[in-house]
Amino acid sequence: MHQTRFIRSQLAARLGFLLMVPGATAFALFAQTTNPVPVLHIKADQVTARVSPTLYGLMTEEINYSYEGGLYGELIRNRTFKANQANPVFWSVVGKGAISLDTNRPLNSALNVSLRLDTGKASENAPVGIANGGYWGIPLRPNTAYHASFYARGEHFKGPLTVSLVHVVDSNSVTVKTPPGVQVFPGEMTETIATATVPKISGRWQKYELTLTTGDIEPSKENRLVISATKPGTFFNKHGEVWFQQVSLFPPTYNNRPNGNRPDLMQLLAEMHPAFLRFPGGNYVEGNTIAERFNWKETIGDTSQRPGHRSPWGYWSTDGFGLLEYLEWCEDLHMQPVLAVYAGYSLRQQHIDPGTNLDSYVQDALDEIEYVIGDATTKWGAQRAKDGHPEPFILNYVEIGNEDEFDRSRSYDGRFTQFFDAIKAKYSNLQIIATARVTSREPDLMDEHYYRSQEEMEAQSHMYDTRPRGGKTKVFVGEWATRVGSPTPNMAGALGDAAWMCCMERNSDLVIMSSYAPLFVNVSELTGPDHSMQWRSDLIGYDAMTSYGSPSYYAQKMFSTHHGDVILATDSENIPTYTWHPAARRRNGVEQARPAPREVPSLFFDATRDSQSGLIYLKVVNRLSTSQPVEIQFSGAPAVEAEGEAVVLKANSPEDTNSIQEPTRIVPVTETVDGLGADFTREFPPYSITILQLKTQ
Ligand code: AHR
């Protein structure tokens, strides 16, 4: 299908040993200038296979504050007070109030703790209350309506409660005179941005909802939600008290969905045209323990009935972003779901043996599938309709677990078989994905994960060219990334990714699906005890206010939005190479022998054609620090027009990157190009990814 003849220059071949000695850089430069020009042969009349329509998708889980403090629109951190059993973390007291967690007066069995506020010292001039600063800030924008809600009950306190959005103007260690419209709390000066009042608080749990609308303000994230009392409620020696649960604040969301998603992140994803979404993990589907798995039945229905659980990535998830929210996310972006079901293994080596003990978990998976695709006459389809989505979703792929090769009990083969048989018996059309090697059944797909350095990604960039075909099992590269750069990958990462994507696209008869991981990272606090990042090198970064795509994001967007529907046969000559000296690996704390140096290509490419328009997409990746002339020869094509288009992502250095401060430093540029034809030579810039779009007549 694709053959590539790597050569090093004649000089390099003769003087290769010089690479080992000081001065190798000078040699490398000299060697490059004498290299014969690489030639790419595109055999336009030889279609090797169809490009898989599902090749480019997304993978997601709760990691790096992906939903909580990320995609999920909720702006209040620890809204259910369950993030820490001992303290109301991320909440502070306003004025001379006192707050504490209380398990004696729960809202319900799911949200079985509440925040108690003693209002006894409240007065008109010195309100007491509770305040929350969100996930590293609460973003407020001008002339915008925010939906606030909370459950409350009072004892000896009947209200009113004032709900405000306040902007933290400054902090002060001395007393500040109060200018009009500015309140002074000890230690800081805040300005009220929007406010509304709940006049009366019931003695029983009740939900209160309000709209807070901002005026002509500067956008900022240095804000808080404050709920405060100006009356003590105290009657003789009875203290006024008020209990809170599920204190929530939502901005406008994507497609205006209630309980919906953050628009800027959805927009970044929409622009990638992803074909599918693999969810809910990753490690998140497994949990650290069986009790902490993604127990989908506890993530549906009214959010106040969802208990939440601890993510294996070390923080609390309210599960406000639950199964239906994943599915609606798919619907909003026209992606098909790839549903990973819990398969009886959790990360701390807890597992359930195949057999009757596993039956209830298999049934949970069947119920989950029914929730997704059953009509309203089925039990779980009816539940979905009750939850607000009468129409069944489309589902073609179900994944059994995640990375089950880590299960040291070696029980996966048996567990997989039990899930596979039960699912196929009820839903014969569903494609079943295995996450570790199995022998007793033939999975429809095998999920392979690759986290690599740039060099390793490039060294493996022909890995699927020679993988035997013929078996039933296709490949789903369900997690992959070139892990260079943090918190988000830099240009070196994007170059490794592009080399790898050329490989997957060229082989997409076999690799029918792929998804980069992780997708998201909140970059607000990268290190320290309350770090927002658990995994470095993530595709998209954000803080409370803004977001950005990494160079890898742009590389992927280029690939997923520029390809044909058929793969063309290719060949090459004189592909330049570099020598990679892989580092020694450690196994069980012991350093292994250093692997032998390897010759790795430094130019990567693949070609596809759109059968309707005849447009040929030629992707070329130059990882070198110098521009690279390449001769491109088409055979078997109708004439190639002289004018075409090039989309180019490039950088001055492999370390160049995007960030929250410089979100668009590295972005693709589209330009018209001339001088194309059946045989032409083009210079590809240093550190560049180019997609040439060639019109054929
Ligand atoms: O993507 C981060 C983690 O890497 C995933 O949760 C897990 O599947 C893999 O080990």
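Refer to the preceding data block for the structure.
Quick summary incoming for the structure in this document. (Residues numbered from 1 in each chain as written. Predicted model: local features only at pLDDT ≥ 70, side-chain atom pairs only at ≥ 80, totals over all residues. Heavy atoms only, no water.)

**Let's talk about the pattern of salt bridges**
Counted by the stated rule, this structure contains 36 salt bridges. Note that arginine 257 is salt-bridged to aspartate 332, the shortest N-O span being 3.0 Å. One end of the pair, arginine 257, is in the loop between strand S14 (241-250) and helix H4 (263-270); the other, aspartate 332, is in helix H6 (residues 323-332), with 75 residues separating them in the sequence. Counted as one network, the salt bridges with shared partners bring together Asp102, Arg105, Arg153 and Glu155. (Salt bridge = Lys/Arg side-chain N within 4 Å of Asp/Glu carboxyl O. Helix = DSSP H or I, 4+ residues; strand = E, 2+ residues; numbered from the N terminus.)

**Some points on the packing of helix H11 (residues 491-506) against helix H12 (residues 551-561)**
The interhelical angle for the contact between H11 and H12, taken along N-to-C directions, is 25°, at an axis separation of 8 Å. Between H11 and H12, the interaxial angle falls into the category roughly parallel. Seen along the crossing, H11 lies across H12 with a hand that is right-handed. Packed against H11, whose contacting residues are Met491, Gly493, Ala494, Asp497, Ala498, Met501, Cys502 and Glu505, the element H12 presents Pro551, Ser552, Ala555, Gln556 and Phe559 at the interface. Partitioned by chemical class, the residues of the contact of H11 with H12 number 8 nonpolar, 3 polar and 2 charged. (Axes fitted to C-alpha atoms, helices over the stretch in contact; angles between N-to-C directions. Parallel < 35°, antiparallel > 145°, perpendicular 65-115°, else oblique. Left-handed = near helix turned anticlockwise from the far one by under 90°. Contact = heavy atoms within 4.5 Å. Nonpolar A, V, L, I, M, F, W, Y, C, P; charged D, E, K, R; others polar.)

**Observations concerning the pairing of strand S8 (residues 145-155)**
Where burial is concerned, most of S8 is hidden: 8 out of the 11 residues are buried. Across 8 bridges, the pairing between S8 and strand S12 (residues 206-213) is antiparallel. Within S12, the position partnered with alanine 148 by the bridge is leucine 210. Relative to S14, S8 runs antiparallel, the two sharing 8 bridges. Bridge assignment links serine 149 to a residue of S14, and that residue is serine 248. (Buried < 20%, exposed > 50% of the residue type's maximum accessible area, 1.4 Å probe, protein only. Pairing = 2+ DSSP bridges.)

**Notes on the environment of asparagine 622**
By the element assignment, asparagine 622 lies in strand S35 (residues 616-622). Asparagine 622 sits in the buried class, given a relative accessible area of 0%. For the pair asparagine 622 and leucine 603, spaced 19 residues apart in sequence, the C-alpha separation works out to 4.9 Å. Asparagine 622 has contacts with Leu495, Ser602, Leu603, Ser627, Gln628, Phe684, Pro685, Pro686, Tyr687 and Ser688, leaving out every residue within four places of it along the chain. Separated by 3.1 Å, the side chain of asparagine 622 and the backbone nitrogen of leucine 624 make a polar contact. (Polar contact = N/O pair within 3.5 Å; in protein donor to acceptor, adjacent residues only side chain to side chain.)

**Quick word on the sheet that holds strand S3 (residues 56-59)**
With parallel pairing, 8 strands are arranged side by side around a closed barrel as S3-S15-S18-S21-S22-S23-S24-S25. Adjacent strand axes in the sheet meet at a mean angle of 25° when their direction is disregarded. Direction of pairing for strand S18 (residues 336-341) relative to strand S21 (residues 397-400): parallel, over a ladder of 4 bridges. Within S21, the residue paired with valine 341 across the bridge is isoleucine 400. Packing against the sheet, H11 makes contact with S3, strand S23 (445-452), strand S24 (474-482) and strand S25 (511-516), and its axis sits at approximately 170° to S24.

**A word on the packing of aromatic side chains**
Per the stated rule, a full pass over the model turns up 31 aromatic pairs. Ring centres 5.4 Å apart and planes at 90° place the aromatic pair tyrosine 67 and tyrosine 326 in the edge-to-face group. Here the residue tyrosine 67 occupies a position in helix H3 (residues 67-71), and tyrosine 326 occupies one in helix H6, the gap between them amounting to 259 residues. Using a relative accessible area of 1% as the deciding quantity, one classes tyrosine 67 as buried. A residue is classified by how much of its surface remains accessible, and tyrosine 326, at 0% relative accessible area, is buried. Centre to centre, the rings of phenylalanine 321 and tryptophan 329 are 5.7 Å apart; their planes meet at 80°, and the pair counts as edge-to-face. (Phe/Tyr/Trp six-rings, centres within 6.5 Å; stacked < 30°, edge-to-face > 60°.)

**Overview of the packing of helix H7 (residues 356-373) against helix H8 (residues 379-386)**
Packing of H7 against H8 brings their axes to within 7 Å, and their N-to-C directions diverge by 50°. Classified by the interaxial angle, the pair formed by H7 and H8 is oblique. Seen along the crossing, H7 lies across H8 with a hand that is right-handed. Between H7 and H8, the residues in contact are Asp367, Glu370, Tyr371, Val372 and Ile373 and Lys379, Trp380, Gly381, Gln383 and Arg384, respectively.

**Things to note about the environment of glycine 203**
On the secondary structure map, glycine 203 appears in the loop between strand S11 (188-198) and S12. Separated by 45 residues in the primary sequence, glycine 203 and lysine 158 place their C-alpha atoms 7.5 Å from one another. Setting aside chain neighbours within four positions, we find glycine 203 in contact with Arg153 and Gly154.

**Observations concerning H4**
Restricting attention to buried positions, one finds in H4 the residues Leu265, Met266, Leu268 and Leu269. Mapping the buried residues of H4 onto a view down its axis gives an arc of 160°, with all of them on the same face. (Arc of directions from axis to C-beta.)

**Some points on unusual backbone geometry**
Cis geometry marks the peptide bond from glycine 281 to glycine 282; its omega dihedral reads 15°. Assignment of secondary structure puts glycine 282 in the loop between strand S15 (276-279) and helix H5 (283-286). Of note, the bond from alanine 517 into proline 518 is cis; its omega dihedral lies within 30 degrees of zero at -15°. Position of proline 518 among the secondary structure elements: in the loop between S25 and strand S26 (520-522). One non-glycine residue, histidine 273, lies in the positive phi region at around 50°. Considering the arrangement of structural elements, one finds histidine 273 in the loop between H4 and S15.

**With respect to the site of the ligand**
Around the ligand, the structure places Glu61, Gly282, Asn283, Trp313, Asn402, Glu403, Tyr451, Glu479, Pro518 and Trp535. Note that an oxygen atom of the ligand is positioned 3.0 Å from one of the side-chain N or O atoms of asparagine 402. Contacts to the ligand include glutamate 403, whose side-chain N or O atom sits 2.7 Å from an oxygen atom. In isolation the ligand offers 280 Å² of accessible surface; the protein chains occlude 93% of this area. Residue composition of the shell around the ligand, grouped by class: 4 nonpolar, 3 polar and 3 charged. (Near = heavy atom within 4 Å. Areas by Shrake-Rupley, 256 points an atom, 1.4 Å probe, with all protein chains shown as cover.)

**As for the pairing of strand S40 (residues 688-694)**
Among the 7 residues of S40, 7 are classified as buried, and the element is accordingly described as predominantly covered. With burial as the criterion, each face of S40 is covered, one bearing Ser688, Thr690, Leu692 and Leu694 and the other bearing Ile689, Ile691 and Gln693. Judged from the 7 bridges that link them, S35 and S40 form a sheet pairing that is antiparallel. The partner of tyrosine 617 across the bridge, within S40, is glutamine 693. Sheet analysis places strand S37 (residues 644-650) next to S40, joined by 6 bridges and oriented antiparallel. Of the residues in S40, the one forming a bridge with valine 648 is threonine 690.

**Quick word on the sheet that holds S26**
Strand order in the open sheet made by the 3 strands is S26-S27-S28, with mixed pairing throughout. The two strands at the open ends of the sheet, each matched to only one other strand, are S26 and strand S28 (547-549). Averaged over all pairs of adjacent strands, the angle between strand axes in this sheet comes to 20°, irrespective of strand direction.

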